[in-house]
Amino acid sequence: MEQRLEMARRATNATVVSLQEMRHAEAKIASTLDFVEQIQEQSHIIIDDLAYRLSRQTEALRPPSSGQIQNPTSRFPDLLLSAVNLNDIRLSLDTLINVVVSQGLENQPFQFERAKLLVEEHLQDAITRLPRIHDTASRQSLARQIDALRDELLGPETGFFAHTTARLQFHNNFETLRAEHLPMIVEISDISSDLTQNTLERVDAATAALRDTINRVIWTVGLTIAAAFLVIALTNGLVIERQFNRRIRRLTQAVTAIARGTSTIRLP
């Protein structure tokens, strides 16, 4: 029993360590998701600013009266392509971030590999579209955001998918340890239940025996006290009767002596 308990203790410690490591990886994943959402918001601000400026430039091509675009073959195609390019960059970033957020709640290895491939594809697509942004400052700002996003997601040691891989491994180890040691834990639990049941039965038997002993002691003490009172009563009765008879006898003798004329006998 002691050996089994020692084995159970070691198994429990290993399981707790694996569970703690899994929780640590999940905390890292949650922190990464928060950072990714911040990058998404900042990227949206940059893209929205660029889109707004493109729309202003497009509106400038329209005369205030007719509403028709002046010389549409001049700048309008470039502006349209720039707007489409910005929309594609936004779509790629939003798609990969949605994939990452969804993957943060999954423990499926096949979905994990597919999610990683999708993120790499959408990142590469966004990177290849960056040179088409003519505004240098905005292009550099957006490039920094995408670069930070790539490091945060695909870093070999501290990236999102590294933490996800670790979480998956720790989860598998936890499930394996639990499956391996569950029969032993159940057996120890059954043995413990049997011991507890036996102990309770012994306690109940000892309690019943003690109760019987107490009852016998109470009856014995009660009978002893009753017998003592009876003896005392009989003794007192005998003593009183003897003293009464002795006085009666002396009184009779005194009366007899008086009747004979002998007065030397005194009454008690």
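Every residue gets a number counted from 1 within its own chain, in the order that chain's sequence is written. Reporting of local features is limited, given that this is a predicted model, to residues whose pLDDT is at least 70; pairs of side-chain atoms are given and counted only at 80 or more, and all residues count toward the totals for whole chains, interfaces and linings. Heavy atoms from the whole structure form the basis of all side-chain values; hydrogens and water molecules are not counted.

Asks: Hey, could you go over the overall build of the protein chain for me, with residue numbers and the actual values?
Replies: Within the protein chain one finds five helices and zero strands. Listing the helices and strands of the protein chain from first to last along the sequence gives α-α-α-α-α. For the protein chain, the exposed surface amounts to about 18,600 Å²; the carbon and sulfur share of it is 58%. In DSSP terms, a helix is any run of H or I states spanning at least four residues, a strand is any run of E spanning at least two, and both are numbered starting from the N terminus. Surface accessibility follows the Shrake-Rupley procedure with a 1.4 Å probe radius. Residue values consider only the protein chains on display as shielding.

Asks: For the pattern of salt bridges, give the residues involved together with the corresponding values.
Replies: Think of it this way: side chains of opposite charge can pair up when their charged atoms draw near. Only one rule defines a salt bridge in this text: a Lys or Arg side-chain nitrogen within 4 Å of an Asp or Glu carboxyl oxygen. Evaluation of the coordinates by the stated rule reveals six salt bridges. A salt bridge links Arg-53 to Asp-49; the nearest nitrogen and oxygen atoms lie 2.9 Å apart. Of the two residues, Arg-53 and Asp-49 both sit in helix α1 (residues 2-60), four residues apart, roughly one turn of that helix. To sort residues, take the accessible area from a 1.4 Å probe on protein chains only and compare it with the maximum for the residue type: under 20% means buried, over 50% means exposed, and anything in between is partly exposed. The class of Asp-49 is partly exposed, set by a relative accessible area of 37%. Members of the salt-bridge network, linked through shared partners, are Asp-49, Arg-53 and Asp-135.

Asks: Just give me the short version of the environment of Val-101, but keep the residues and values in it.
Replies: Following the sequence through the fold, Val-101 ends up in helix α2 (residues 76-103). Expressed as a C-alpha distance, the spacing of Val-101 and Ala-30, which sit 71 residues apart in the sequence, is 9.3 Å. Leave out the neighbours within four places in its chain, and Val-101 touches Leu-33 and Glu-37. Any two residues having at least one pair of non-hydrogen atoms within 4.5 Å are treated as being in contact.

Asks: Any chance you could break down a positive patch on the surface for me, citing the residues and the numbers?
Replies: Together, Arg-246, Arg-247, Arg-249 and Arg-250 make up a region of like positive charge exposed at the surface. Checked against the element boundaries, Arg-246 lands in helix α5 (residues 160-260). Judged by relative accessible area, which is 38%, Arg-246 ranks as partly exposed. Patch definition: residues above 30% relative accessible area lacking any salt bridge, with like charges linked at up to 9 Å and the nonpolar side chains Val, Leu, Ile, Met, Phe, Trp and Tyr linked at up to 5 Å. Only four residue types enter the charge count: Lys and Arg as positive, Asp and Glu as negative, with His and the chain ends excluded. Where a charge lies is defined by one atom per residue type, namely NZ (Lys), CZ (Arg), CG (Asp) and CD (Glu).

Asks: Quick one: what's the story with helix α4 (residues 136-154), residue by residue and with numbers?
Replies: Taking 1.5 Å of rise per residue, the 19 residues of α4 would be expected to cover 27 Å, and the 26 Å separating its terminal C-alpha atoms lies within 8% of that figure. Taken together, the buried positions of α4 are Ser-138, Leu-142, Gln-145, Ile-146, Leu-149 and Leu-153. Relative to the axis of α4, the buried residues are bounded by an arc of 95° and lie together on one face. α4 presents Ala-137 and Arg-144 as exposed residues on the side facing more than 90 degrees away from its buried surface. The span one expects for a helix is its residue count, reduced by one, times 1.5 Å. Note that the arc is defined by the directions from the helix axis to the C-beta atoms.

Asks: Outline the nonpolar core, listing residues and values.
Replies: With 29 residues, the main nonpolar core has Leu-96, Val-119, Leu-142, Leu-149 and Leu-153 as its most contacted residues. Going through the elements one at a time, α1, α2, α3 (109-129), α4 and α5 are the ones with two or more residues in this core. Ignoring sequence-local partners within four residues, the contact set of Leu-149 consists of Val-36, Ile-39, Leu-93, Leu-96 and Leu-123. By convention a nonpolar core is built from buried Ala, Val, Leu, Ile, Met, Phe, Trp, Tyr and Cys residues, the set being connected through side-chain atoms within 4.5 Å.

Asks: Please set out the confidence of the model for the protein chain residue by residue, giving values where relevant.
Replies: Averaged over every residue, the pLDDT of the protein chain is 76; residues scoring 70 or more account for 71%. Confidence scores here are pLDDT values: one per residue, from the predictor, ranging 0 to 100. By mean pLDDT, α5 is the weakest element of the protein chain at 75, and α4 is the strongest at 87.

Asks: How would you sum up the side chain of Ser-43? Please name residues and give values.
Replies: In this structure, Ser-43 sits in helix α1. Since its relative accessible area comes to 2%, Ser-43 is described here as buried.

Asks: Give me the packing of aromatic side chains: which residues, what numbers.
Replies: By convention, a stacked pair of Phe, Tyr or Trp rings (six-membered ring in the case of Trp) has centres within 6.5 Å and planes under 30 degrees apart, an edge-to-face pair has planes over 60 apart, and any other such pair is tilted. Evaluation of the coordinates by the stated rule reveals one aromatic pair. Between the aromatic rings of Phe-160 and Phe-161, the centroid separation amounts to 5.1 Å while the plane-to-plane angle is 85°, which identifies the pairing as edge-to-face. Comparing Phe-160 with Phe-161 shows no difference in burial state: the two are buried.

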